[in-house]
Each structure stands twice: as C-alpha cells, then as structure tokens.
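# Survey of secondary and tertiary structure
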Amino acid sequence: MSEEPRPYTLVAELTYRCPLRCVYCSNPTDWNRHADALTTDDWLRVFREAEALGVVQLNLTGGEPLLRDDLEQLVEGARRLDLYTNLITSGIPLARERLARLKALGLDNVQVSIQDVTAAESDRIAGARTFDRKLEVARWVKELGFPLTLNVVLHRDNLDRVAAVIALAESLAADRLELANTQYLGWALVNRRTLLPTREQLDAARDVARAARRRLQGRMEVLFVTPDYYAEFPKACMDGWGRRFLVVAPDGLVLPCHAAHTLPGLTFDNARARPLAEIWRHSTAFGAFRGEAWMPEPCRSCDRRAVDFGGCRCQAYHLTGDAAATDPACSLAPAHALVEAARAQALEPAASLTYRTARVAERA
Amino acid sequence: MSAITAESRPTLAAKARLRWDRQTSRYLLLYPERGLVLNPTAADVVQLCTGEHTVGAIVDRLAAKYAPQPREDVQREILAFLGRMAERGLIRSGDE
Ligand code: SF4
Ligand code: SF4
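Below is a summary of the structure that appears in this document. What you see as residue numbers is a count from 1 along each chain, following the sequence as written. Written order decides the labels, with chains lettered from A and ligands numbered from 1. Two thresholds apply to this predicted model, a pLDDT of at least 70 for residue-level local features and 80 or more for giving and counting side-chain atom pairs, whereas whole-chain, interface and lining totals are computed over all residues. Excluding hydrogens and water, the side-chain values take into account all heavy atoms of the structure.

### What to know about the overall build of chain B
Along its length, chain B carries three helices and five strands. Listed N to C, the secondary structure of chain B is β-β-β-β-α-α-α-β in terms of helices and strands. Note that the radius of gyration is over C-alpha atoms, with the globule rule given as 2.2 Å times the number of residues to the power 0.38. Its C-alpha atoms give chain B a radius of gyration of 13 Å, near enough to 12 Å, the size a compact globule of 96 residues would have. Dimensions along the principal axes, computed over C-alpha positions, put chain B at roughly 35 × 30 × 20 Å. Scored against the burial criterion, the 96 residues of chain B give a buried share of 44%. For chain B, long-range pairs separated by at least 24 residues make up 57% of all intrachain contacts whose partners lie at least 6 apart in sequence. Method for areas: the Shrake-Rupley scheme with a 1.4 Å probe, in which residue coverage is limited to the protein chains shown. Accessible surface, chain B: about 4,900 Å² in total, of which carbon and sulfur atoms supply 50%. All tallies of charge rest on Lys and Arg as positive and Asp and Glu as negative; His and the ends of each chain are not included. By convention, charge coordinates are those of NZ in Lys, CZ in Arg, CG in Asp, or CD in Glu. For chain B, the distance from the average site of its 14 positive side-chain charges to the average site of its 12 negative ones is 7 Å. We count a stretch as a helix when DSSP gives it H or I for four or more residues in a row; a strand needs E for two or more, and each element gets its number in order from the N terminus. Relative accessibility decides the category of a residue: with a 1.4 Å probe and only protein chains considered, values under 20% of the type maximum give buried, values over 50% give exposed, and everything between is partly exposed. Contacts are residue-level and defined by heavy atoms, with any inter-residue pair within 4.5 Å sufficient.

Now the structure itself:
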C-alpha cells in the first residue's frame, strides 16, 4: 500500500446505553462493562484531532446518542469544525424542540432506524414499543428541513416485506434508504439461527430493491447491503482495517471498527491518554491488520486482496477463533464450511430470540 | 425528476454540503456517508448552484473564465455534469 491511510469518517459511539433491546444490536454483548468515560471536552478534542487528521464525516451514534445531555454541544462543536454531521438514532427519546435545536446548531443529516413496517413486528424486534413514535420522529426530521435517512436492518422475518419498507420510506419522503442485511456480530450472532434468511428470500428482496433504485433515482437513494453469508467473497469490511474509519467507543477506546475490542490479543489505546494522530499512525492495534503482511493463504496470493482486504477480522475471530484467518464468509476460506452450516440452519424452524440485555449473552 | 436544461435554476440538494479540503486543496461535496472530490471546474459550477442563476447564466460566467474555450463546449460539459449530479440526487433542477 503506497498512499498513507487517511481517516475520512469518525464514528463517535457516544454511549452504549439504549432504551431499545434490538435482537441484532451490533454493540458488544458485554456493552454494560463499558462506561461513558469521555466528557464533553474529551469528545470535542477527539473531533478536533480527527478533523486535523483528515476526517470530514462524523457519525454520532451509540447505543442511543440522544441519551447524552451534551449532544447539543457536540453538534455545535462539530459544525464549527465544518464536519458533515450525521445523527444515527432510534428516535427515542426525542422531543421535536430538541431536534429543532440540533438543526439550528448545524446538524446535517438524521438517520432513523425502524425495525419493520408494522408496529407489532417492529416493536417485537426492538423489544420496546417505539414504532409509532419513530414514524413521528421521521416526519419531524423532514418538516424541520433535514435530509432523512431511513435505516432498516433486514433478516428472515422482514426480508419478504422489502417492497412495503420501500413504500413506507417513500411516504416519509426519505432521501436515503438503507436496507442493511444483518451483520452477524454482537447480538446478531447470538440470534443468528433465527435471523439468517434463506437465499431465495435474499434474491427476491435484492430484485425488489434494484427495481426501486432505478425507479427512484435522483429522488431517493436505495442502498441494499448484501449479507456476506450468501456472497462468494466477503465485503471490504470498514474499507479495510485502519484505512478510512476511526471509531471511538464510549469508554474512549480508539478502534478500527466498532467490534474490534472484542478481538483478544490486541491492545487499544484510549483517546484520553494518547493523541489520535499517534494512535492512527503508530498504535500496534491499527497496524495489526493494515496492509497485507498479516494475511494468510489463500488471501496472500489472491487477486482480490486489494479489493476486500481479506474480509472482516471480527467475523474471522468470532467464527474460527483466529482473528488473522481468512474471513469464513469467503468461498475460498479454509473455514467456509462454518458459514455453509449456518446457511443450512436458515431452512430450519426459528429458535427463540435473545434480546439485548445488560447481562453478557451466551452464544446460542 | 425533471431534466436539467439551460433554463433550469439548479440548487444543491439539501443533503449535500461543499467543503474545502486542506489536505488535497480540492473541494469535497459531502453527503450522508459519502463524499465526492470535485475538480476545480466542477467546484466552480456547484458554487453557482444557488437557485439564483440559470444554467445559461452559469455557462456565461464560466465561459468567460475559461476563455478561449468555446461557449458550446462549456455548456455541453456543464449540462452533462449537472445531469450526472441530478441522477445521484445531489443537484436539483429547480424546475419541480
Ligand atoms: S440496534 Fe437497537 S438496541 Fe442496539 S443501539 Fe441500535 S436501537 Fe439500540
Ligand atoms: S481469499 Fe482472501 S482476499 Fe481472496 S477473496 Fe477470499 S477473503 Fe478476499
């Protein structure tokens, strides 16, 4: 790799706390052990250091970022740095006045997640009665003049309703619709048996999304994030380790991806203890899977190694126990049978769902 | 989506924001989760997409700046660029 990596996006996980209990939550299953350790000033310094490194996009996320009382100050500070600031929220708990305040302070985009197209189904997946309020929040977003991103995580129980999801997004005048197939990490891995769809479901949903993308071109961006359990090759997770993204977790750990601290054997620096630029350039954790030196076969001699960077390190670890293995989602991976076995389970009746709790989850 | 013509008064979409990038000395057009690096000509055009100017007026202005490039060439390039941007939802024609 010749050019020096530059982070373009800072993912600021302001807190892991959240009033919802989504069965596919991507927060670590031991989220409760990570306190909100960064003060307002700490975060503002992180934003400044990130901007100086080249970051232009800021995602304020969590958990639920609305639970931070200082969100207004953080948005204001981000705008002063001319960062394109995106609030990624469940919409709970939010009053219209607060949203209007965030607009006045310079927030650029609001991403609201819904779980399905009916209250009963959406609330079942979220583990909380929130659907009607989410729609109300989505309408406020548009009324206040924000662009609206609607995010829907897809899985076995809602993939067949993608057409209805698109219709709902249109009725809300969403500017961007993210149809994001579940990534099987965190709570989603605990619930994989129940959430993983069949290939037929996926193919049908992908066709619907593709037609909608064409029809809505220029009005609504329709994104369909394919699940790599059914792809031939894995995705370029995070655009490659330590290449474009900086994640700062609620406890201040600086990570190459939001699940990296679940990998054993890596020591992550804390934003309170070391300047971001130093962490980005010199920390052993960011260096661990940068470039190609770490790669095993078949990645090492594979033509796609500069395209997908060997896939997801977290997926490699959580499925094989080795973070430096080829991502088992890859059809060429020695451990690909693990993914094939999981796919076979998609044809079996669903097991029960485990909701996100403060207790550490056991693997199903 | 209506096509962009010489009479349109294009505006930047609500979701897009122009930002100077110190590292590359280029303008970036930022929008949710993405960004485009604009070349200097594209940046000139986007900066005039305020809803005040017609494409014709933008062409006049930039043709003067890029002289001796023929006006027709400048117009063709600008219309093609704006068309691509409208397809991506980053520029509105102002006609709707
Ligand atoms: S996925 Fe659900 S539970 Fe997890 S942070 Fe988002 S809204 Fe909260
Ligand atoms: S072998 Fe490695 S580099 Fe090649 S496609 Fe699979 S994951 Fe990507």
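Moving on from the coordinates now.
### Observations regarding the sheet that holds strand E3 (residues 26-31) of chain B
Residue and element names in this part refer to chain B. Here, a strand pair is defined by DSSP locating no fewer than two bridges between the strands. Strand order in the open sheet formed by three strands is E2-E3-E4, with antiparallel pairing between adjacent strands. Edge strands, defined here as strands with exactly one partner in the open sheet, are strand E2 (17-21) and strand E4 (34-38). The mean inter-strand angle of the sheet, taken between neighbouring strand axes irrespective of direction, is 30 degrees. With five bridges joining them, E2 and E3 adopt antiparallel strand pairing. Across the sheet, the residue bridging to Leu18 is Leu29, located in E3. Simply put, an axis is a line fit to the C-alpha atoms, just over the touching stretch for a helix, and the angle between two N-to-C directions goes from 0 to 180 degrees.

### Regarding the nonpolar core
Here the nonpolar core consists of buried residues drawn from Ala, Val, Leu, Ile, Met, Phe, Trp, Tyr and Cys, with membership extended through side-chain atoms lying within 4.5 Å. Among the nonpolar cores identified, the biggest contains 112 residues, and A:Phe47 and A:Leu179 are the most heavily contacted of them. Setting aside residues up to four positions removed in sequence, A:Leu179 forms contacts with A:Val152, A:Leu154, A:Val162, A:Val165, A:Ile166, A:Ala209, A:Val222, A:Leu223, A:Phe224 and A:Val225.

### Focus on the packing of aromatic side chains
Residue and element names in this part refer to chain A. Planes of paired rings set the category: under 30 degrees apart is stacked, over 60 is edge-to-face and the rest tilted, where pairs are Phe, Tyr or Trp rings (Trp by its six-membered ring) whose centres lie within 6.5 Å. Tallying each qualifying case throughout the model produces six aromatic pairs over all chains. Measuring from ring centre to ring centre gives 5.2 Å for Tyr184 and Tyr229, while their planes differ by 65 degrees; the resulting arrangement is edge-to-face. Highlighted residues: Tyr184 in the loop between strand E6 (176-181) and helix H7 (187-190) and Tyr229 in the loop between strand E7 (221-225) and strand E8 (245-248), separated in sequence by 45 residues. Residue Tyr184 is classed as buried on the basis of its relative accessible area of 3%. Given a relative accessible area of 1%, Tyr229 falls into the buried group. Taking 5.0 Å as the distance between ring centres and 90 degrees as the angle between the ring planes, the aromatic pair formed by Trp241 and Phe289 counts as edge-to-face. Taken together, the residues span a long stretch of sequence, with Trp241 in the loop between E7 and E8 and Phe289 in the loop between helix H11 (284-288) and helix H12 (305-308) at a distance of 48 residues. Phe289 shares its class with Trp241; the two are buried. Put simply, the rings of Trp241, Phe289 and Trp294 touch in pairs and so form one group of aromatic residues.

### What about the site of ligand 2?
All names here are of chain A. We call a residue near a given molecule or strand whenever any one of its heavy atoms falls within 4 Å of it. Around ligand 2, the structure places Phe233, Pro234, Pro298, Cys299, Cys302, Arg304, Arg305, Asp308, Gly310, Thr326, Cys330 and Leu332. As defined here, a cavity is a set of points on a 1 Å grid over the protein atoms alone where a 1.4 Å probe fits but cannot get out. A pocket is an open set with protein on both sides within 12 Å along at least five of seven lines, and residues line them when an atom is within 4 Å of a point. For a cavity or pocket, the test is whether more than half of a molecule's atoms lie within 2 Å of its grid points; if they do, the molecule sits there. A majority-of-atoms criterion places ligand 2 in the second largest cavity. Residues were grouped as follows: Ala, Val, Leu, Ile, Met, Phe, Trp, Tyr, Cys and Pro as nonpolar; Asp, Glu, Lys and Arg as charged; and all remaining residues, including Gly, as polar. The residue inventory of the shell around ligand 2, partitioned by class, reads seven nonpolar, two polar and three charged.

### Comments concerning empty space enclosed by the protein
Grid points are joined across faces, edges and corners, and a volume is the space filled by probe spheres set on the points. Across all of its chains, the model carries two cavities of 30 Å³ or more by this definition. Approximately 140 Å³ is the volume found for the largest cavity. Taken together, the residues of the lining of the largest cavity sort by class into 11 nonpolar, three polar and four charged. In this structure, the second largest cavity occupies an estimated 80 Å³ of space. Residues belonging to the lining of the second largest cavity are distributed by class as follows: seven nonpolar, two polar and three charged.

### Things to note about unusual backbone geometry
At the junction of A:Gly62 and A:Gly63, the peptide bond is cis and its omega measures out at 10 degrees in the coordinates. Residue position: A:Gly63 is located in the loop between strand E2 (57-61) and helix H2 (71-80). Phi is positive for A:Phe309, which is not a glycine, with a value near 55 degrees. Tracing the sequence through the fold places A:Phe309 in the loop between H12 and helix H13 (313-320). With relative accessibility at 15%, the residue A:Phe309 sits in the buried group. Positive phi values are uncommon outside glycine, yet B:Ser25 reaches one of about 55 degrees. With respect to the helices and strands, B:Ser25 occurs in the loop between E2 and E3.

### Re the site of ligand 1
Around ligand 1, the neighbouring residues are A:Cys18, A:Leu20, A:Arg21, A:Cys22, A:Cys25, A:Asn27, A:Gly63, A:Ser90 and A:Arg356. When its residues are assigned to classes, the shell around ligand 1 shows four nonpolar, three polar and two charged.

### Quick look at the interface of chain B and chain A
Interface size is commonly expressed as the accessible area that is lost once the parts come together. Listed per partner, the contact involves 20 residues of chain B and 29 residues of chain A. Buried area is a sum: the accessible area each of two parts loses on coming together, probed at 1.4 Å, counted once for each and added. When the area that chain B buries against chain A is broken down by residue, the three leading residues are B:Arg17, B:Arg19 and B:Glu33, summing to 34%. Salt bridges, as used here, are contacts in which a Lys or Arg side-chain nitrogen is within 4 Å of a carboxyl oxygen on Asp or Glu. Remark: the boundary between chain B and chain A carries eight salt bridges. Across the pair A:Glu221 and B:Arg34 runs a salt bridge whose closest N-O atoms are separated by 3.4 Å. Identification of polar contacts relies on pairs of N or O atoms within 3.5 Å, with a donor-acceptor requirement for protein atoms, meaning one able to donate a hydrogen and the other able to accept it, and with residues adjacent in sequence counted only if both atoms are side-chain atoms. On inspection of chain B and its partner chain A, the count reaches 16 residue pairs in polar contact (both at pLDDT 80 or more). Sorting the residues of the side of chain B that touches chain A by element identifies E2, E3, E4 and helix H3 (71-87) of chain B as the ones contributing at least two each. When grouped by side-chain class, the residues that make up the side of chain B that touches chain A number seven nonpolar, four polar and nine charged.

In short, shape yes, function no, at least from these values alone.
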